[in-house]
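Spelled out, the chains give:
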Amino acid sequence: MAAPTEPATSLRSMQKVVAASLIGTTIEWYDFFLYGSAAALVFNKLFFPDSDPLVGTLLSFLTYAVGFAARPLGALVFGHYGDRLGRKKLLVVSLLMMGAATFAIGLLPTHATVGAAAPVLLTVLRLVQGFALGGEWGGAVLLVSEHGAPERRGFWASWPQTGAPAGQLLATGVLSALTALLSDAAFTSWGWRIPFLLSGVLVGVGLWIRLSVDESPLFKAALARAEARKATSEVEKMPLVSVLRHHWRDVLVAMGARMAENISYYVITAFILVYATTSAGLSKQTALNAVLVASAVHFAVIPAWGALSDRIGRRPVYLIGAVGVGAWMFPFFALIDTKSFGSLLLAVTVGLIFHGAMYAPQAAFFSEMFATRMRYSGASIGAQFSSVAAGAPAPLIATALLADYDSSTPIALYVIAAALLTVVAIGCAKETRTRDLDNIEESAGAPAPSAAVDARTA
(Lines give C-alpha, C1' and ligand atoms only; values in the text may rest on other atoms or scores of the structure.)
Protein backbone atom coordinates (compact mmCIF):
# COMPACT_ATOMS: atom_id res chain seq x y z
CA MET A 1 0.00 0.00 0.00
CA ALA A 2 2.97 2.31 -0.45
CA ALA A 3 1.98 5.67 -1.83
CA PRO A 4 3.90 7.61 -4.43
CA THR A 5 6.19 10.27 -3.09
CA GLU A 6 4.46 13.67 -3.11
CA PRO A 7 2.55 13.32 -6.38
CA ALA A 8 3.00 16.19 -8.76
CA THR A 9 0.08 18.53 -9.43
CA SER A 10 -0.35 20.37 -12.72
CA LEU A 11 0.14 24.14 -12.66
CA ARG A 12 -3.52 24.77 -13.51
CA SER A 13 -4.75 22.44 -10.78
CA MET A 14 -2.29 23.98 -8.33
CA GLN A 15 -3.56 27.45 -9.11
CA LYS A 16 -7.11 26.26 -8.50
CA VAL A 17 -6.15 24.78 -5.12
CA VAL A 18 -4.34 27.98 -4.17
CA ALA A 19 -7.36 30.07 -5.20
CA ALA A 20 -9.70 27.91 -3.11
CA SER A 21 -7.47 28.21 -0.05
CA LEU A 22 -6.78 31.90 -0.55
CA ILE A 23 -10.40 32.97 -1.06
CA GLY A 24 -11.44 31.13 2.08
CA THR A 25 -8.63 32.47 4.27
CA THR A 26 -9.20 35.98 2.90
CA ILE A 27 -12.87 35.88 3.85
CA GLU A 28 -12.22 34.41 7.27
CA TRP A 29 -9.46 36.93 8.04
CA TYR A 30 -11.68 39.71 6.71
CA ASP A 31 -14.29 38.68 9.25
CA PHE A 32 -11.74 38.37 12.04
CA PHE A 33 -9.90 41.63 11.36
CA LEU A 34 -13.10 43.54 10.79
CA TYR A 35 -13.97 42.81 14.38
CA GLY A 36 -10.55 44.01 15.56
CA SER A 37 -10.85 47.30 13.67
CA ALA A 38 -14.40 47.83 14.88
CA ALA A 39 -13.30 47.07 18.44
CA ALA A 40 -10.74 49.87 18.19
CA LEU A 41 -13.08 52.37 16.53
CA VAL A 42 -16.74 51.96 17.59
CA PHE A 43 -17.46 48.96 19.83
CA ASN A 44 -16.30 50.83 22.92
CA LYS A 45 -19.09 53.36 22.33
CA LEU A 46 -21.80 50.94 21.19
CA PHE A 47 -21.36 48.08 23.65
CA PHE A 48 -19.54 49.67 26.62
CA PRO A 49 -20.89 53.24 26.66
CA ASP A 50 -20.69 53.76 30.43
CA SER A 51 -16.90 53.39 30.51
CA ASP A 52 -14.10 55.89 30.19
CA PRO A 53 -13.09 55.95 26.47
CA LEU A 54 -9.77 54.16 27.02
CA VAL A 55 -11.38 51.69 29.45
CA GLY A 56 -14.13 51.09 26.91
CA THR A 57 -11.46 50.32 24.32
CA LEU A 58 -9.86 47.90 26.76
CA LEU A 59 -13.20 46.14 27.27
CA SER A 60 -13.86 45.90 23.54
CA PHE A 61 -10.36 44.47 23.02
CA LEU A 62 -11.18 41.98 25.78
CA THR A 63 -14.06 40.63 23.68
CA TYR A 64 -11.59 40.65 20.77
CA ALA A 65 -9.25 38.45 22.84
CA VAL A 66 -12.08 36.03 23.62
CA GLY A 67 -12.05 34.98 19.98
CA PHE A 68 -8.47 33.83 20.37
CA ALA A 69 -9.40 31.76 23.42
CA ALA A 70 -11.74 29.70 21.22
CA ARG A 71 -9.12 29.10 18.55
CA PRO A 72 -7.30 26.24 20.36
CA LEU A 73 -10.62 24.41 20.77
CA GLY A 74 -11.28 24.92 17.07
CA ALA A 75 -7.79 23.61 16.32
CA LEU A 76 -8.44 20.45 18.37
CA VAL A 77 -11.87 19.72 16.88
CA PHE A 78 -11.13 20.63 13.28
CA GLY A 79 -7.67 19.07 13.46
CA HIS A 80 -9.07 15.76 14.72
CA TYR A 81 -11.80 15.49 12.10
CA GLY A 82 -9.61 16.99 9.38
CA ASP A 83 -7.08 14.20 9.94
CA ARG A 84 -9.88 11.63 9.96
CA LEU A 85 -12.28 12.89 7.28
CA GLY A 86 -10.15 15.14 5.09
CA ARG A 87 -9.09 18.75 4.73
CA LYS A 88 -11.75 19.90 2.26
CA LYS A 89 -14.86 18.96 4.27
CA LEU A 90 -13.69 20.75 7.39
CA LEU A 91 -12.69 23.85 5.43
CA VAL A 92 -16.25 24.17 4.14
CA VAL A 93 -17.61 23.94 7.70
CA SER A 94 -15.16 26.56 9.02
CA LEU A 95 -16.08 29.00 6.25
CA LEU A 96 -19.81 28.66 6.91
CA MET A 97 -19.38 29.11 10.67
CA MET A 98 -17.24 32.20 10.36
CA GLY A 99 -19.50 33.82 7.79
CA ALA A 100 -22.66 33.19 9.80
CA ALA A 101 -21.17 34.63 12.99
CA THR A 102 -19.89 37.74 11.25
CA PHE A 103 -23.20 38.36 9.48
CA ALA A 104 -24.98 38.03 12.82
CA ILE A 105 -22.71 40.65 14.40
CA GLY A 106 -23.94 43.07 11.77
CA LEU A 107 -27.51 42.51 13.04
CA LEU A 108 -26.74 42.81 16.77
CA PRO A 109 -28.65 45.27 18.92
CA THR A 110 -26.40 47.66 20.86
CA HIS A 111 -26.20 48.48 24.57
CA ALA A 112 -28.64 51.35 24.08
CA THR A 113 -31.29 48.86 22.88
CA VAL A 114 -30.89 45.74 25.03
CA GLY A 115 -28.47 46.79 27.76
CA ALA A 116 -26.02 44.24 29.13
CA ALA A 117 -27.26 41.54 26.75
CA ALA A 118 -25.52 43.34 23.86
CA PRO A 119 -21.89 42.70 24.94
CA VAL A 120 -22.86 39.15 25.94
CA LEU A 121 -24.22 38.39 22.47
CA LEU A 122 -21.18 40.05 20.93
CA THR A 123 -18.88 37.83 23.00
CA VAL A 124 -20.74 34.65 22.01
CA LEU A 125 -20.45 35.45 18.31
CA ARG A 126 -16.80 36.31 18.78
CA LEU A 127 -16.29 32.84 20.30
CA VAL A 128 -17.85 31.26 17.20
CA GLN A 129 -15.52 33.33 15.00
CA GLY A 130 -12.48 32.18 16.95
CA PHE A 131 -13.56 28.53 16.92
CA ALA A 132 -13.97 28.60 13.13
CA LEU A 133 -10.67 30.38 12.50
CA GLY A 134 -8.89 27.89 14.74
CA GLY A 135 -9.77 25.19 12.25
CA GLU A 136 -9.41 27.22 9.06
CA TRP A 137 -5.68 27.97 9.02
CA GLY A 138 -4.38 24.43 9.33
CA GLY A 139 -6.66 23.01 6.67
CA ALA A 140 -6.03 25.82 4.17
CA VAL A 141 -2.24 25.65 4.30
CA LEU A 142 -2.21 21.84 4.30
CA LEU A 143 -4.45 21.63 1.26
CA VAL A 144 -1.84 23.64 -0.65
CA SER A 145 1.25 22.09 0.96
CA GLU A 146 0.07 18.56 0.21
CA HIS A 147 -0.74 19.34 -3.42
CA GLY A 148 2.38 21.28 -4.35
CA ALA A 149 5.75 20.17 -5.70
CA PRO A 150 8.25 19.94 -2.82
CA GLU A 151 10.85 22.21 -4.41
CA ARG A 152 8.31 25.08 -4.50
CA ARG A 153 6.32 24.26 -1.39
CA GLY A 154 7.38 27.40 0.46
CA PHE A 155 6.17 29.60 -2.38
CA TRP A 156 2.83 27.86 -2.96
CA ALA A 157 2.06 27.41 0.75
CA SER A 158 2.72 31.10 1.36
CA TRP A 159 -0.29 32.08 -0.78
CA PRO A 160 -2.93 31.06 1.79
CA GLN A 161 -0.88 33.21 4.20
CA THR A 162 -1.61 36.22 2.00
CA GLY A 163 -5.23 35.75 3.05
CA ALA A 164 -4.34 37.59 6.27
CA PRO A 165 -3.18 40.85 4.62
CA ALA A 166 -5.83 40.42 1.92
CA GLY A 167 -8.50 40.15 4.61
CA GLN A 168 -6.94 43.06 6.47
CA LEU A 169 -6.85 45.04 3.22
CA LEU A 170 -10.48 44.26 2.49
CA ALA A 171 -11.69 44.98 6.03
CA THR A 172 -9.67 48.17 6.39
CA GLY A 173 -10.60 49.30 2.87
CA VAL A 174 -14.33 48.93 3.51
CA LEU A 175 -14.06 50.70 6.88
CA SER A 176 -11.89 53.43 5.39
CA ALA A 177 -14.39 54.04 2.58
CA LEU A 178 -17.30 54.19 5.01
CA THR A 179 -15.55 56.58 7.41
CA ALA A 180 -14.71 58.80 4.43
CA LEU A 181 -18.24 58.78 3.00
CA LEU A 182 -20.23 58.91 6.24
CA SER A 183 -20.24 61.35 9.13
CA ASP A 184 -19.01 60.06 12.48
CA ALA A 185 -22.61 60.01 13.71
CA ALA A 186 -23.87 57.99 10.73
CA PHE A 187 -20.97 55.54 10.90
CA THR A 188 -21.48 54.98 14.64
CA SER A 189 -25.25 54.69 14.23
CA TRP A 190 -25.55 52.24 11.32
CA GLY A 191 -22.58 52.45 8.94
CA TRP A 192 -20.42 50.05 10.96
CA ARG A 193 -22.92 47.24 10.25
CA ILE A 194 -22.38 47.26 6.47
CA PRO A 195 -18.97 45.50 6.42
CA PHE A 196 -20.28 42.73 8.66
CA LEU A 197 -23.35 42.15 6.50
CA LEU A 198 -21.16 42.03 3.37
CA SER A 199 -19.62 38.87 4.76
CA GLY A 200 -22.71 36.92 3.66
CA VAL A 201 -22.00 37.70 0.00
CA LEU A 202 -18.29 36.90 0.33
CA VAL A 203 -18.98 33.53 1.94
CA GLY A 204 -21.20 32.51 -0.97
CA VAL A 205 -18.37 33.21 -3.42
CA GLY A 206 -15.80 31.44 -1.26
CA LEU A 207 -18.00 28.39 -0.79
CA TRP A 208 -18.51 28.02 -4.55
CA ILE A 209 -14.76 28.06 -5.20
CA ARG A 210 -13.82 25.86 -2.24
CA LEU A 211 -16.28 23.11 -3.17
CA SER A 212 -14.69 22.82 -6.63
CA VAL A 213 -11.27 21.50 -5.51
CA ASP A 214 -10.18 17.93 -4.86
CA GLU A 215 -9.05 16.49 -1.56
CA SER A 216 -5.30 16.43 -0.87
CA PRO A 217 -3.65 13.47 -2.69
CA LEU A 218 -1.34 12.85 0.25
CA PHE A 219 -4.32 12.62 2.59
CA LYS A 220 -6.06 10.16 0.25
CA ALA A 221 -2.94 7.97 0.22
CA ALA A 222 -2.56 8.17 4.01
CA LEU A 223 -6.24 7.33 4.48
CA ALA A 224 -5.82 4.27 2.25
CA ARG A 225 -2.89 3.12 4.38
CA ALA A 226 -4.93 3.64 7.54
CA GLU A 227 -7.80 1.59 6.13
CA ALA A 228 -5.33 -1.18 5.27
CA ARG A 229 -4.06 -1.19 8.86
CA LYS A 230 -7.63 -1.48 10.14
CA ALA A 231 -8.09 -4.55 7.94
CA THR A 232 -5.22 -6.18 9.85
CA SER A 233 -6.88 -5.24 13.17
CA GLU A 234 -4.20 -2.63 13.95
CA VAL A 235 -5.76 0.10 16.07
CA GLU A 236 -5.03 3.61 14.85
CA LYS A 237 -4.41 6.17 17.58
CA MET A 238 -6.27 9.48 17.69
CA PRO A 239 -4.32 12.19 15.82
CA LEU A 240 -4.08 14.32 18.98
CA VAL A 241 -2.58 11.45 20.97
CA SER A 242 -0.02 10.76 18.24
CA VAL A 243 0.93 14.43 18.02
CA LEU A 244 1.50 14.80 21.75
CA ARG A 245 3.42 11.53 21.91
CA HIS A 246 5.70 11.84 18.88
CA HIS A 247 5.73 15.54 17.98
CA TRP A 248 5.51 17.47 21.26
CA ARG A 249 8.87 19.15 20.61
CA ASP A 250 7.64 20.32 17.21
CA VAL A 251 4.46 21.68 18.81
CA LEU A 252 6.55 23.70 21.28
CA VAL A 253 8.77 25.01 18.47
CA ALA A 254 5.70 26.08 16.49
CA MET A 255 4.23 27.83 19.53
CA GLY A 256 7.47 29.69 20.20
CA ALA A 257 7.84 30.60 16.54
CA ARG A 258 4.43 32.24 16.56
CA MET A 259 5.04 34.53 19.55
CA ALA A 260 6.80 37.37 17.71
CA GLU A 261 4.79 36.84 14.54
CA ASN A 262 1.44 36.99 16.32
CA ILE A 263 2.17 39.74 18.83
CA SER A 264 3.89 42.06 16.36
CA TYR A 265 1.09 41.72 13.82
CA TYR A 266 -1.70 42.75 16.18
CA VAL A 267 0.34 45.58 17.65
CA ILE A 268 1.13 46.88 14.15
CA THR A 269 -2.37 46.52 12.67
CA ALA A 270 -4.91 46.64 15.55
CA PHE A 271 -3.30 48.55 18.43
CA ILE A 272 -1.92 51.10 15.99
CA LEU A 273 -5.49 52.37 15.48
CA VAL A 274 -5.60 53.21 19.18
CA TYR A 275 -2.10 54.65 19.50
CA ALA A 276 -2.24 56.76 16.35
CA THR A 277 -5.62 58.28 17.21
CA THR A 278 -4.92 58.93 20.92
CA SER A 279 -1.22 59.47 21.67
CA ALA A 280 -0.27 60.73 18.21
CA GLY A 281 -3.50 62.68 17.70
CA LEU A 282 -4.04 61.45 14.14
CA SER A 283 -7.49 60.89 12.65
CA LYS A 284 -9.15 57.50 12.26
CA GLN A 285 -9.05 57.98 8.50
CA THR A 286 -5.30 58.61 8.51
CA ALA A 287 -4.58 55.54 10.60
CA LEU A 288 -6.83 53.32 8.49
CA ASN A 289 -5.26 54.57 5.27
CA ALA A 290 -1.77 53.76 6.55
CA VAL A 291 -2.78 50.21 7.47
CA LEU A 292 -4.55 49.88 4.12
CA VAL A 293 -1.48 50.76 2.03
CA ALA A 294 0.89 48.76 4.24
CA SER A 295 -1.36 45.70 3.96
CA ALA A 296 -1.08 45.86 0.18
CA VAL A 297 2.72 45.78 0.47
CA HIS A 298 2.44 42.96 3.00
CA PHE A 299 0.36 40.95 0.54
CA ALA A 300 2.99 41.42 -2.17
CA VAL A 301 6.05 40.46 -0.10
CA ILE A 302 4.70 37.25 1.45
CA PRO A 303 5.06 35.08 -1.71
CA ALA A 304 8.54 36.56 -2.24
CA TRP A 305 9.60 35.55 1.27
CA GLY A 306 8.03 32.12 0.68
CA ALA A 307 10.03 31.66 -2.52
CA LEU A 308 13.21 32.71 -0.70
CA SER A 309 12.56 30.04 1.94
CA ASP A 310 12.61 27.45 -0.85
CA ARG A 311 16.12 28.59 -1.74
CA ILE A 312 17.81 29.23 1.61
CA GLY A 313 15.53 27.42 4.07
CA ARG A 314 12.63 28.18 6.39
CA ARG A 315 14.76 29.00 9.45
CA PRO A 316 16.95 31.76 7.95
CA VAL A 317 13.96 33.62 6.51
CA TYR A 318 12.02 33.26 9.76
CA LEU A 319 14.98 34.61 11.75
CA ILE A 320 15.24 37.65 9.46
CA GLY A 321 11.66 38.48 10.34
CA ALA A 322 11.97 37.89 14.09
CA VAL A 323 15.17 39.92 14.48
CA GLY A 324 13.90 42.61 12.12
CA VAL A 325 10.57 43.18 13.86
CA GLY A 326 12.28 43.36 17.27
CA ALA A 327 14.84 45.88 16.04
CA TRP A 328 12.14 47.98 14.35
CA MET A 329 9.93 48.59 17.39
CA PHE A 330 11.60 51.72 18.76
CA PRO A 331 11.85 53.36 15.31
CA PHE A 332 8.26 52.24 14.70
CA PHE A 333 6.82 54.30 17.56
CA ALA A 334 9.26 57.17 17.03
CA LEU A 335 8.02 57.56 13.47
CA ILE A 336 4.36 57.53 14.55
CA ASP A 337 5.08 60.20 17.17
CA THR A 338 6.10 62.62 14.41
CA LYS A 339 2.36 62.77 13.58
CA SER A 340 3.12 62.63 9.87
CA PHE A 341 1.18 60.33 7.55
CA GLY A 342 4.34 59.50 5.60
CA SER A 343 6.17 58.50 8.78
CA LEU A 344 3.18 56.49 9.99
CA LEU A 345 3.00 54.68 6.64
CA LEU A 346 6.73 53.92 6.72
CA ALA A 347 6.48 52.58 10.28
CA VAL A 348 3.60 50.21 9.52
CA THR A 349 4.94 49.10 6.12
CA VAL A 350 8.43 48.16 7.31
CA GLY A 351 6.92 46.40 10.33
CA LEU A 352 4.68 44.30 8.09
CA ILE A 353 7.54 43.49 5.70
CA PHE A 354 9.49 41.99 8.60
CA HIS A 355 6.34 40.24 9.79
CA GLY A 356 5.96 38.71 6.32
CA ALA A 357 9.38 37.09 6.64
CA MET A 358 8.00 35.09 9.59
CA TYR A 359 4.52 34.52 8.24
CA ALA A 360 5.45 33.42 4.71
CA PRO A 361 7.53 30.29 5.50
CA GLN A 362 5.34 29.39 8.46
CA ALA A 363 2.82 27.34 6.46
CA ALA A 364 5.42 25.08 4.84
CA PHE A 365 7.57 25.01 7.99
CA PHE A 366 4.76 23.76 10.23
CA SER A 367 3.42 21.36 7.59
CA GLU A 368 6.84 19.74 7.25
CA MET A 369 7.00 18.97 10.96
CA PHE A 370 4.17 16.43 11.08
CA ALA A 371 3.09 13.16 9.44
CA THR A 372 0.08 13.28 7.11
CA ARG A 373 -2.47 11.57 9.38
CA MET A 374 -1.65 13.92 12.26
CA ARG A 375 -0.59 16.99 10.26
CA TYR A 376 -3.87 18.93 10.54
CA SER A 377 -3.90 18.39 14.32
CA GLY A 378 -0.21 19.10 14.81
CA ALA A 379 0.00 22.24 12.68
CA SER A 380 -3.28 23.62 14.07
CA ILE A 381 -2.40 22.95 17.71
CA GLY A 382 1.05 24.49 17.36
CA ALA A 383 -0.31 27.54 15.59
CA GLN A 384 -3.49 28.17 17.56
CA PHE A 385 -2.51 27.36 21.14
CA SER A 386 0.18 30.03 20.95
CA SER A 387 -2.43 32.56 19.85
CA VAL A 388 -3.96 32.51 23.33
CA ALA A 389 -0.73 33.81 24.85
CA ALA A 390 0.35 35.90 21.86
CA GLY A 391 -2.25 37.46 19.56
CA ALA A 392 -5.18 37.33 21.99
CA PRO A 393 -3.84 39.67 24.66
CA ALA A 394 -1.51 41.72 22.44
CA PRO A 395 -3.80 44.72 21.77
CA LEU A 396 -5.13 44.45 25.33
CA ILE A 397 -1.64 44.43 26.88
CA ALA A 398 -0.44 47.22 24.60
CA THR A 399 -3.45 49.38 25.46
CA ALA A 400 -3.03 48.70 29.20
CA LEU A 401 0.68 49.58 29.03
CA LEU A 402 -0.17 52.81 27.25
CA ALA A 403 -2.79 53.65 29.87
CA ASP A 404 -0.42 52.92 32.78
CA TYR A 405 2.80 54.47 31.48
CA ASP A 406 1.60 56.92 28.82
CA SER A 407 4.64 55.85 26.80
CA SER A 408 5.42 53.56 23.89
CA THR A 409 8.63 52.23 25.48
CA PRO A 410 7.00 49.39 27.48
CA ILE A 411 5.06 48.33 24.36
CA ALA A 412 8.25 48.22 22.28
CA LEU A 413 9.97 46.15 24.98
CA TYR A 414 6.99 43.79 25.02
CA VAL A 415 7.36 43.07 21.29
CA ILE A 416 11.15 42.76 21.58
CA ALA A 417 10.75 40.14 24.33
CA ALA A 418 8.45 38.16 22.05
CA ALA A 419 11.01 38.43 19.23
CA LEU A 420 13.73 37.02 21.49
CA LEU A 421 11.50 34.09 22.42
CA THR A 422 10.88 33.36 18.74
CA VAL A 423 14.61 33.52 17.95
CA VAL A 424 15.22 30.90 20.66
CA ALA A 425 12.45 28.65 19.30
CA ILE A 426 13.75 28.84 15.73
CA GLY A 427 17.26 28.23 17.01
CA CYS A 428 16.06 24.95 18.57
CA ALA A 429 14.29 23.84 15.36
CA LYS A 430 15.76 21.81 12.52
CA GLU A 431 15.58 22.89 8.91
CA THR A 432 12.62 21.21 7.19
CA ARG A 433 12.58 22.37 3.57
CA THR A 434 14.11 19.13 2.23
CA ARG A 435 11.57 16.83 3.87
CA ASP A 436 9.27 14.60 1.86
CA LEU A 437 5.78 15.07 3.34
CA ASP A 438 4.77 11.54 2.42
CA ASN A 439 7.84 9.91 3.94
CA ILE A 440 7.52 11.38 7.43
CA GLU A 441 6.85 8.29 9.50
CA GLU A 442 3.34 7.99 10.95
CA SER A 443 3.23 4.52 12.44
CA ALA A 444 2.51 3.95 16.10
CA GLY A 445 6.15 3.96 16.97
CA ALA A 446 7.12 6.75 14.64
CA PRO A 447 9.99 9.00 15.46
CA ALA A 448 9.62 12.74 15.20
CA PRO A 449 10.12 14.20 11.74
CA SER A 450 13.70 15.12 12.59
CA ALA A 451 14.46 11.41 12.25
CA ALA A 452 12.67 11.04 8.94
CA VAL A 453 14.66 10.45 5.80
CA ASP A 454 14.82 13.45 3.49
CA ALA A 455 13.73 12.70 -0.03
CA ARG A 456 15.86 15.30 -1.69
CA THR A 457 18.94 17.35 -1.04
CA ALA A 458 19.07 20.99 -0.07
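Here the structure is shown first, and the text comes after it.
Computed from a prediction, not measured in an experiment: that's the story for all the values here.

Draft legend 1. Structural context of the overall build of the protein chain. Within the protein chain, the secondary structure is distributed over 19 helices and zero strands. Burial analysis of the protein chain (458 residues in total) assigns 60% to the buried set. Within the protein chain, contacts between residues at least 6 apart in sequence are counted, and of these 86% link residues at least 24 apart. Surface summary for the protein chain: the accessible area is close to 15900 Å², and the carbon and sulfur share equals 69%.

Draft legend 2. Seen up close, the side chain of Thr 110. Within the fold, Thr 110 resides in the loop between helix H4 (87-105) and helix H5 (111-114). The class for Thr 110 is buried, based on a relative accessible area of 13%. Ignoring anything within four residues of it in the chain, the contact list for Thr 110 reads Leu 46, Phe 47, Gly 115, Ala 118, Trp 192 and Arg 193.

Draft legend 3. The packing of helix H7 (residues 153-161) against helix H8 (residues 163-181), seen in detail. Their axes nearest at 5 Å, the elements H7 and H8 cross at an angle of 30°. In terms of axis orientation, H7 runs roughly parallel to H8. Residue-level contacts link Trp 159, Pro 160 and Gln 161 of H7 to Gly 163, Ala 164 and Pro 165 of H8. In terms of residue class, the contact of H7 with H8 is made up of four nonpolar, two polar and no charged.

Draft legend 4. Up close: the pattern of salt bridges. Scanning the entire structure with this criterion turns up six salt bridges. Linking Glu 146 and Arg 375 is a salt bridge whose minimum nitrogen-to-oxygen distance equals 2.8 Å. With Glu 146 in the loop between helix H6 (117-145) and H7 and Arg 375 in helix H17 (residues 372-389), this residue pair connects regions lying 229 residues apart in the sequence. Summarising the burial analysis for this pair, Glu 146 and Arg 375 share the class buried. Taking the shortest distance from any N to any O, the salt bridge between Arg 258 and Glu 261 comes out at 3.0 Å. Taken together, the residues Arg 258 and Glu 261, both in helix H13 (residues 248-278) and three residues apart, mark about one turn of the helix.

Draft legend 5. Region of the structure containing H17. Here H17 contains 18 residues, and its C-alpha end-to-end distance of 27 Å stays within 8% of the 26 Å for a straight helix at 1.5 Å per residue. A bend of about 25° at Ile 381 is the largest found in H17. Among the 18 residues of H17, 15 are classified as buried, and the element is accordingly described as predominantly covered.

Draft legend 6. Highlighting the packing of aromatic side chains. Tallied over the full model, the rule gives 15 aromatic pairs. Ring centres of Trp 159 and Phe 299 lie 6.1 Å apart, and the angle between their planes is 70°; on these two criteria the pair is classed as edge-to-face. Of the two residues, Trp 159 sits in helix H7 while Phe 299 sits in helix H14 (residues 284-312), which places them 140 residues apart along the sequence. Given the relative accessible area of 26%, Phe 299 is considered partly exposed. Aromatic pair Trp 192 and Phe 196: ring centres 5.9 Å apart, planes at 75°, arrangement edge-to-face.

Calculation notes
- Note that residues are indexed from 1 along each chain, following the sequence as it is written.
- Local features are withheld for residues below a pLDDT of 70 in this predicted model, meaning they are given only at 70 or higher, and side-chain atom pairs are given and counted only at 80 or more; totals for whole chains, interfaces and linings count all residues.
- Computation of side-chain values covers all heavy atoms of the structure but excludes hydrogens and water.
- Working definition: helices are DSSP H or I runs of at least four residues, strands are E runs of at least two. Numbering for both runs from the N terminus.
- Think of it in three bands: with a 1.4 Å probe and only protein chains considered, a residue is buried below 20% of the maximum accessible area for its type, exposed above 50%, and partly exposed in between.
- Should any heavy atoms of two residues lie within 4.5 Å, those residues are counted as being in contact.
- Values of accessible area rely on a 1.4 Å probe in the Shrake-Rupley scheme; residue burial ignores everything except the protein chains shown.
- Helix axes are fitted to C-alpha atoms over the stretch in contact, other axes to C-alpha atoms as well, and angles between N-to-C directions run from 0 to 180 degrees.
- Should an angle fall under 35 degrees it is called roughly parallel, over 145 degrees roughly antiparallel, and 65 to 115 degrees roughly perpendicular, with every other angle called oblique.
- By the convention adopted, Pro, Cys, Tyr, Trp, Phe, Met, Ile, Leu, Val and Ala count as nonpolar, Lys, Arg, Asp and Glu as charged, and the other residues, Gly among them, as polar.
- Here, a salt bridge means any Lys or Arg side-chain nitrogen found within 4 Å of an Asp or Glu carboxyl oxygen.
- The length a helix should cover is 1.5 Å for every residue beyond the first.
- Bend is computed residue by residue as the angle between axes fitted to the seven residues ending at the residue and the seven residues starting at it.
- Pairing of aromatic rings covers Phe, Tyr and the six-membered ring of Trp, with a centre-to-centre limit of 6.5 Å; geometry is then stacked below 30 degrees between planes, edge-to-face above 60, and tilted otherwise.

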